[in-house]
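Observations on chain architecture
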Amino acid sequence: MSARIYVDANVYLDYCNRRSDSIRPLQELAFSVFQRTLQCEFEIVVSNLLIEEIEEALKNKTTLDMLIADLNSKNKIVYVEETRMR
């Protein structure tokens, strides 16, 4: 069984928006997490709240849609229902 991990919205944005900083290409680091997931090392936990946060900051929604489709096709996404604290 693969380990379940939570991937912060910034990792998705690094990948989808092709972000980098002055030291390293953040897109490549993000890609390695998703590649390792597709190679059955991980399952990624996501919620609707996370997807909404990502979509608000996306420049390229097509890239996110393709990534999610790839992960879904390999059963590598675990959807959870978020709960809000009062």
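Our subject is the structure that appears above.
Notes on the structure in this doc start here.

Now for the nonpolar core. One finds Tyr 12, Phe 34, Ile 44, Ile 54 and Leu 64 to be the most contacted residues of the largest nonpolar core, which totals 19 residues. Contributing elements (two or more residues each) for this core: helix H1 (9-16), helix H2 (26-38), strand E2 (42-46), helix H3 (48-57) and helix H4 (61-73). Filtering out sequence-adjacent residues up to four positions away, Tyr 12 remains in contact with Val 7, Phe 34, Ile 44, Val 46, Leu 50, Ile 54, Leu 64 and Leu 67.

Another point: the pattern of salt bridges. Here the structure, examined in full by the defined rule, presents 6 salt bridges. Ionic pairing is found between Asp 21 and Arg 24, a salt bridge with its closest N-O pair at 3.2 Å. Take Arg 24: its relative accessible area is 36%, and that puts it in the partly exposed class. Residues Glu 41 and Arg 36 are paired through a salt bridge, measuring 2.4 Å at the closest nitrogen-oxygen approach. Given a relative accessible area of 36%, Glu 41 falls into the partly exposed group. In the salt-bridge network here, residues are joined through shared partners; they are Glu 55, Lys 61 and Asp 65.

All buried positions along H3 are accounted for by Leu 50, Ile 51 and Ile 54. End-on, the buried residues of H3 take up no more than an arc of 95 degrees, which puts them together on one face. The inward-facing, buried residues of H3 abut strand E1 (3-6), H1, E2 and H4.

Further remarks concern the sheet that holds E1. Across a sheet, strands are paired by hydrogen bonds formed along the backbone, either parallel or antiparallel in direction. Across the sheet, 3 strands lie side by side as E1-E2-E3; this open sheet has parallel pairing. Each edge of the open sheet is held by one strand with a lone partner, namely E1 and strand E3 (77-79). Looking at each pair of strands side by side, their axes are set apart by 35 degrees on average, direction ignored. The pairing of E1 with E2 spans 4 bridges and is classified as parallel. Note on E2: the bridge partner recorded for Ile 5 is Ile 44.

Cut-offs applied
Residues numbered from 1 in each chain as written. Predicted model: local features only at pLDDT ≥ 70, side-chain atom pairs only at ≥ 80, totals over all residues. Heavy atoms only, no water. Core = buried A, V, L, I, M, F, W, Y, C linked by side-chain atoms within 4.5 Å. Buried < 20%, exposed > 50% of the residue type's maximum accessible area, 1.4 Å probe, protein only. Helix = DSSP H or I, 4+ residues; strand = E, 2+ residues; numbered from the N terminus. Contact = heavy atoms within 4.5 Å. Salt bridge = Lys/Arg side-chain N within 4 Å of Asp/Glu carboxyl O. Arc of directions from axis to C-beta. Pairing = 2+ DSSP bridges. Axes fitted to C-alpha atoms, helices over the stretch in contact; angles between N-to-C directions.

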